[in-house]
Amino acid sequence: MKSAVETLNPTRVRLTVEVPFEELKDSLDAAYKKINQQVTVKGFRKGKVPARVIDQRFGRGAVLEEAVNDALPKFYTEAVNEAELSPLGQPEVDITELKDGETLNFTAEVDIRPAIEIPDYSGIEVEVDAVEVTDEDVEKSVEQLRERFASTSPVERAAEDGDVVTIDLEAKVDGEVLEDGVANGVSYTIGSGELLDGIDDAVKGLSAGEEATFTSELKGGSAAGKEAEVTVKVTQVAKRELPELDDEFAQLASEFDTLEELKADSRKRLENMKQYDQATQAQERVLEKLLELVEVPVPEKLLEDEINTRKHNLEHHQLGQMGLTLDKYLEIQGKTAEEFENETREAAIKGIKTQFVLDELVKQEKLNVNQEELTEHLMRRAASSGMSPDQFAQAVVEGGQVPLLVGEVARGKALAVVVEKATVKDTNGEIIDLDDEDEDETAAEAATEATEGEAAEDKPEA
């Protein structure tokens, strides 16, 4: 077999392959064997029909077609490996010549990973938010904990802001009660904004046994997005009572004996959260600076696939779970369709560039992923997906996604290498020293978030 490579542009090549006919022998034998198992010829046992009879009865062309279809992936892969290419997606194959007993010639056009040159990145400087926890932050945290330990007691009066009411709901659209528009015994805190728009004004002032009707746009269900006439009946009004902020509350709500100890722990927790956010911010901003330094051509077909993948994931997974259409989502976000298209395209380009650059860094820095690192990443991904580690691991293995997870960890390590050499300052001008633990916990997530959409992953070569 002989092959040659023609570069069409920085991200696409054309392979020209010439295969001597004798190299098709195995595929021809396999083709005759396959056809033998599929046909019945009088006078011959099944599977024992001679090749010449198959040629006469079914045509030599059918055999050649079967053999070529079997052989093409092998010869294409050999040509790719010989040229040391990194294909993206499936090739467009064109058989230019097929002469029985002489030769098979074909061309294959395919997108490839572009050659990327990583410049010196040791001079990258970024600014991140300073880690500052105020007394107000601590008070707000303790107040949120206090809310969780609130108790309720029924009262014989009209409902007020902050009360917990038990209500029955009935929604009608065009005068008809919806099949999924009836709910009884719903507990609702007035002012929480957790149910329908307009419900707070409707129930305030109502006592147990009273009802009101209001109009609201339904957020979910069979008539999501439609205007509905909603009847709400209050069956109970209860007053929320918050516990006193004292040492007794600290003992009730935590493992601490005093309120001061509880506040000190809350401050420490908030500091840890802000430090984690700071590390994530550093990763993201260093990545942005790195991408600015590198020239990365993006294959058009890969970009198109990535954009379609991101749209599909948004429409059919994220919005679908919320009962929203894309049009409704854009209305809520205050975006036009054109703005959405532009943002999706920009995010897809960034995702592809991020993967290409970090993968090149993995090779350049000779980074490997060990079992412990993969397991830790799997545990974090499982937690964010809402699945148990065992369930997530099983889904990954069954879906053949282990290499993708390995790639995510490797890219995270590559990004951590860049962050380690960068200068990170906070808004107070202080140099931030991100420890290895911070980097290990955030780098893979930052890289994964940037490449989210998954169409940027390499597809099988043939």
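Just so it is clear, the structure is predicted and the values come from calculations on it, not from any experiment.

Side note on the UniProt feature "domain: PPIase FKBP-type" (unreviewed entry) in the chain
Here, UniProt's "domain: PPIase FKBP-type" (unreviewed entry) annotation points to residues 162–215. When the span residues 162–215 is considered, its composition is 9% helix and 54% strand, and the gap between its end C-alpha atoms is 22 Å.

Structural notes on the environment of Leu 104
You can see Leu 104 is positioned in strand 4 (residues 103–112). It is 56 Å that separates the C-alpha atoms of Leu 104 and Glu 125, two residues lying 21 residues apart in sequence. When neighbours within four sequence positions are excluded, Leu 104 is seen to be in contact with Val 17, Glu 18, Val 19, Leu 24, Val 68, Ile 95, Glu 97 and Leu 98.

Looking at the sheet that holds strand 1 (residues 2–9)
Taken in spatial order, the four strands line up as 1-2-4-3 in an open sheet, and their pairing is antiparallel. Here the strands that pair on one side only, and so sit at the sheet edges, are strand 1 and strand 3 (87–99). For this sheet the average axis-to-axis angle between neighbouring strands, irrespective of direction, equals 20 degrees. As judged from the nine bridges shared by strand 2 (residues 12–20) and strand 4, these two strands associate in the antiparallel manner. Residue pairing for strand 4: Val 17 is matched across the bridge by Phe 106.

Considerations on the environment of Thr 336
Along the chain, Thr 336 falls in the loop between helix 9 (326–333) and helix 10 (337–364). The exposure class of Thr 336 is partly exposed, given its relative accessible area of 42%. Spatially, the C-alpha atom of Thr 336 lies 50 Å from that of Phe 249, the residues being 87 residues apart in sequence.

Regarding the pattern of salt bridges
According to the stated counting rule, one finds 31 salt bridges in the structure shown. Put simply, Arg 411 and Asp 359 hold a salt bridge, and the shortest N to O gap is 2.8 Å. With a gap of 52 residues between them, Arg 411 in helix 13 (residues 402–421) and Asp 359 in helix 10 connect regions that are remote in the sequence. Judged by relative accessible area, Asp 359 falls into the buried class, the value being 16%. Between Lys 413 and Glu 373 there is a salt bridge, with its nearest N and O atoms 3.1 Å apart. Placement of the pair is Lys 413 in helix 13 and Glu 373 in helix 11 (residues 371–385), with a sequence separation of 40 residues.

Rules used throughout
- Residues numbered from 1 in each chain as written.
- Predicted model: local features only at pLDDT ≥ 70, side-chain atom pairs only at ≥ 80, totals over all residues.
- Heavy atoms only, no water.
- UniProt positions renumbered as here; feature names shortened; annotations may be inferred.
- Helix = DSSP H or I, 4+ residues; strand = E, 2+ residues; numbered from the N terminus.
- Contact = heavy atoms within 4.5 Å.
- Pairing = 2+ DSSP bridges.
- Axes fitted to C-alpha atoms, helices over the stretch in contact; angles between N-to-C directions.
- Buried < 20%, exposed > 50% of the residue type's maximum accessible area, 1.4 Å probe, protein only.
- Salt bridge = Lys/Arg side-chain N within 4 Å of Asp/Glu carboxyl O.

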